[in-house]
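Structural description and commentary
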Amino acid sequence: MKLTTPLYVVWETTLDCNARCVHCYSDATFGHGPVFWPLGESLDLIDQLAEAGVIIIAFSGGEFLLRPDWELLTERAVDRGMQVTFATNGLRVSEVVARRIKELGVANVSVSLDGATAEVHEAIRRIPRIFERACEAVRLLAEVGVRVTVNYTPMRTNLAQAEDLIALAYGLGAKKVNLTEYVYTTRGGVDLMPLPSELGSLIARWTRASDAWKGRIDVDWHDCRVALILPGAEADPYKGCGAGYTHCRITVDHDVTPCVVLPLPVGNLREKRFVEIWRTAPELHRIRDRANIRGGNCVACEHIDRCGGCRAASFARYGDAYLGDPTCWIKPDGVEIDGRLVANEMVRS
Amino acid sequence: MNEFFLSVLKTEKIRCRAEDQGNYLLYNPLTDQLHLVDERGKQIFDLCDGRAIDDVVREGCALFGVDSSPAVSQQILDFLCALKKRHLVVMH
């Protein structure tokens with residue numbers, strides 16, 4: 001399927017944040033201050049995305065709700081016909097805010113919960129009582145009728161709580177719980193990344209849980225390779241790596257990058273309009289073509305056309321987005337030795 | 001199908017976007033699924049505004065330049081069934 005413009009754009013609206021997450025891909029910081037675009041420029045970006053035909057705009061951060069103009073941005077995006085979704089750590093979600101989110105017509109709010117217990121979640125988010133506040137945010141939003149997704153990022157410290165997290169999300173009223181793989185792009189280190197065997201085992205558990213919870217809560221995933229282990233229609237062909245194809249990110253520095261976790265600027269919105277970058281940026285054309293993957297486990301893999309591996313993980317591990325995918329469990333890009341993944345190349349030498 | 005359902009209506013909030021080569025992308029926010037249809041499919045989808053299924057079939061046949069051809073009618077019914085299966089339309 002060829003797409004003229006991305007289906008969704010993740011806009012990093014601010015680097016200010018009220019949490020201190022160990023794994024933040026934006027390297028947002030507590031008390032960072034108002035590092036974000038002026039309102040006029042922000043509204044113009046929303047207009048550009050709407051005119052380009054973008055279906056979903058995902059306001060990201062930092063913490064989007066720390067922007068004083070978050071309601072204006074949301075209102076504009078809804079008015080321009082886009083589906084609005086945003087992620088939050090939950091700290092700013094009061095009953096009043098939840099009702100306002102509902103009034104504005106936000107399609108989905110993703111609340112991050114990286115553990116089913118305060119101990120695990122707060123070890124990752126590093127703010128006292130953030131677990132309790134995040135749970136409360138899910139409950140408040142669900143109560144006023146906002147569709148809530150609980151976002152779960154599996155790391156080595158929270159793999160054991162996956163099933164408990166689904167049960168927790170369901171109990172709080174979430175409609176969906178989504179697994180998004182961890183890529184150590186900025187703050188988080190490689191030690192947080194599950195080994196391929198651990199991730200494969202988790203995904204097997206997660207897809208089983210998806211069946212078990214069917215009809216009660218959607219148990220979903222954002223993982224390039226899951227489609228390969230599912231039959232027929234469930235194996236949506238667009239669930240392979242969609243970097244620079246189904247989606248992209250816009251940073252606070254006005255850069256367009258192919259993916260949220262792939263910090264590879266392909267154009268800057270202070271120099272060009274969004275649609276021009278999307279259609280002409282050489283790096284985007286390059287990443288859309290799987291034939292440009294030139295090394296590692298993906299290059300000889302029979303699934304390369306459908307999957308493509310995680311280009312961000314390749315970039316994170318090797319500094320090159322066109323090599324192997326170190327997070328793949330189907331055809332691992334190395335050998336697990338003493339709890340670490342040693343790249344195939346290193347093993348051979 | 002006509003024995004059980006009389007009318008057909010687009011599901012709420014389906015987004016439609018023109019793509020290259022005369023195709024259209026239908027996005028269902030409730031299922032998060034994408035569906036690609038051609039120009040003719042888009043025209044038939046647009047007919048699903050709550051009108052009778054028989055009318056959609058008849059007008060769909062006209063789009064194909066035929067008068068209620070059994071083969072084309074069946075194709076259109078099959079297409080409507082596919083839309084229903086994918087939660088892109090509802091039938092009553």
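The structure under discussion appears in the preceding block.
Note that the coordinates shown come from a computational prediction; the quantities given were computed from them, not determined experimentally. (Residues numbered from 1 in each chain as written. Chains lettered and ligands numbered in written order. Predicted model: local features only at pLDDT ≥ 70, side-chain atom pairs only at ≥ 80, totals over all residues. Heavy atoms only, no water.)

1. Regarding the overall build of chain A
Assigned secondary structure in chain A consists of eleven helices and 14 strands. Compactness check: chain A gives a C-alpha radius of gyration of 19 Å against a globular reference of 20 Å for 349 residues, within 12% of the reference. Overall, chain A is about 60 × 45 × 40 Å in size when its C-alpha atoms are taken along their principal axes. Across the 349 residues in chain A, those meeting the buried criterion constitute 59%. For chain A, the share of sequence-separated contacts (at least 6 apart) that also reach a separation of at least 24 residues comes to 68%. Computed over 40 positive and 45 negative side-chain charges, the separation of the two mean positions in chain A equals 2 Å. (Helix = DSSP H or I, 4+ residues; strand = E, 2+ residues; numbered from the N terminus. Rg over C-alpha atoms; globule rule 2.2 N^0.38 Å. Buried < 20%, exposed > 50% of the residue type's maximum accessible area, 1.4 Å probe, protein only. Contact = heavy atoms within 4.5 Å. Lys, Arg positive; Asp, Glu negative; His and termini not counted. Charge placed at Lys NZ, Arg CZ, Asp CG, Glu CD.)

2. Some thoughts on the sheet that holds strand 2 (residues 15–18) of chain B
All names here are of chain B. Spatially, 2-3-4 is the arrangement adopted by the three strands of the open sheet, whose pairing is antiparallel. Each having just a single partner strand, strand 2 and strand 4 (33–37) make up the two edges of the open sheet. Strand-to-strand twist of the sheet, defined as the mean angle between neighbouring strand axes without regard to direction, takes the value 25 degrees. (Pairing = 2+ DSSP bridges. Axes fitted to C-alpha atoms, helices over the stretch in contact; angles between N-to-C directions.)

3. Observations concerning helix 7 (residues 196–212) of chain A
Here helix 7 of chain A is 17 residues long and its end C-alpha atoms lie 24 Å apart, about the 24 Å a rise of 1.5 Å per residue gives. Restricting attention to buried positions, one finds in helix 7 of chain A the residues Pro196(A), Leu199(A), Gly200(A), Leu202(A), Ile203(A), Trp206(A), Thr207(A), Ala209(A) and Ser210(A). (Expected span 1.5 Å × (residues − 1).)

4. Quick look at the sheet that holds strand 4 (residues 56–60) of chain A
Read from one edge to the other, the open sheet built from ten strands follows the order 9-8-7-6-5-4-1-10-11-12 (chain A), with strand pairing classed as mixed. Whereas interior strands pair on both sides, the edge strands pair on one side only; in this sheet they are strand 9 (218–222) and strand 12 (267–268) of chain A.

5. Here's the deal with the interface of chain B and chain A
With 14 residues of chain B at the interface, the matching set in chain A holds 18 residues. Three residues, Arg15(B), Arg17(B) and Leu34(B), lead the burial of chain B against chain A; their summed loss comes to 45% of the area buried on that side. Counting across the chain B and chain A interface gives zero salt bridges. Summed over the shared surface of chain B and chain A, the result is six residue pairs in polar contact (both at pLDDT 80 or more). (Buried area = accessible area lost by both parts, 1.4 Å probe. Salt bridge = Lys/Arg side-chain N within 4 Å of Asp/Glu carboxyl O. Polar contact = N/O pair within 3.5 Å; in protein donor to acceptor, adjacent residues only side chain to side chain.)

6. Thoughts on the nonpolar core
By size, the foremost hydrophobic cluster in this structure holds 71 residues, and its most contacted members are Phe59(A), Ile250(A) and Phe274(A). It is helix 5 (residues 130–143) of chain A that provides the largest number of residues to this core, a total of seven residues. Discounting residues that sit within four places of it in the chain, Ile250(A) has contacts with Val9(A), Val10(A), Trp11(A), Glu12(A), Trp37(A), Leu45(A), Leu49(A), Asp255(A), Val256(A), Leu269(A) and Phe274(A). Among the nonpolar cores identified, the runner-up in size contains 21 residues, and Ile44(B), Cys48(B), Val56(B) and Leu83(B) belong to it. (Core = buried A, V, L, I, M, F, W, Y, C linked by side-chain atoms within 4.5 Å.)

7. Looking at unusual backbone geometry
All names here are of chain A. Here the amide bond leading from Gly61 into Gly62 is cis, since omega sits at 15 degrees, within 30 degrees of zero. Backbone geometry at Arg129 places phi at a positive 65 degrees, although glycine is not the residue there. Residue placement: Arg129 occurs in the loop between helix 4 (118–125) and helix 5.

8. Comments concerning the environment of Arg58(B)
Mapping Arg58(B) onto the fold places it in helix 2 (residues 53–63). Arg58(B) sits in the partly exposed class, given a relative accessible area of 48%.

9. Quick notes on the packing of aromatic side chains
Summed over all chains, the structure comprises nine aromatic pairs over all chains. Seen in terms of ring centroids, Trp11(A) and Phe59(A) are 5.9 Å apart; in terms of plane orientation they differ by 55 degrees. Their pairing is tilted. With Trp11(A) in strand 1 (residues 8–12) and Phe59(A) in strand 4, this pair connects stretches of sequence that are 48 residues apart. For Trp11(A), a relative accessible area of 0% gives the class buried. On the basis of relative accessibility, which here comes to 1%, the residue Phe59(A) falls in the buried class. Residues Phe59(A) and Phe64(A) carry aromatic rings whose centres are separated by 4.5 Å and whose planes lie at 10 degrees to one another, so their mutual orientation is stacked. Residues Phe59(A) and Phe64(A) agree in their burial class; the two are buried. Three or more aromatic residues link up through ring pairs in this structure, and these residues are Trp11(A), Trp37(A), Phe59(A), Phe64(A), Trp70(A) and Phe86(A). Above the ring of Phe64(B), the side-chain terminus of Arg40(B) is found at 4.8 Å from the ring centroid. Lying across the ring of Tyr24(B), Lys42(B) places its NZ or CZ 5.1 Å from the centre. (Phe/Tyr/Trp six-rings, centres within 6.5 Å; stacked < 30°, edge-to-face > 60°. Lys NZ or Arg CZ within 6 Å of the ring centre and 35° of its normal.)

10. Describing the pairing of strand 10 (residues 247–250) of chain A
Residues and elements named next belong to chain A. Taking every second residue as pointing to the same face, both faces of strand 10 are buried, with His247 and Arg249 on one and Cys248 and Ile250 on the other. In terms of strand pairing, strand 1 meets strand 10 through four bridges, oriented parallel. Counterpart to Val10 in the pairing with strand 10 is Arg249. Pairing of strand 10 with strand 11 (residues 255–257), which is carried by two bridges, proceeds in the antiparallel orientation.

11. What about the pattern of salt bridges?
All names here are of chain A. In the structure shown here, the tally under the stated rule is 25 salt bridges over all chains. The partner of Arg205 in a salt bridge is Glu163, with the nearest N and O atoms 2.7 Å apart. Of this pair, Arg205 sits in helix 7 while Glu163 sits in helix 6 (residues 162–172), placing them 42 residues apart in sequence. One continuous salt-bridge network, built from bridges that share partners, spans Asp47, Glu51, Arg76 and Arg80.

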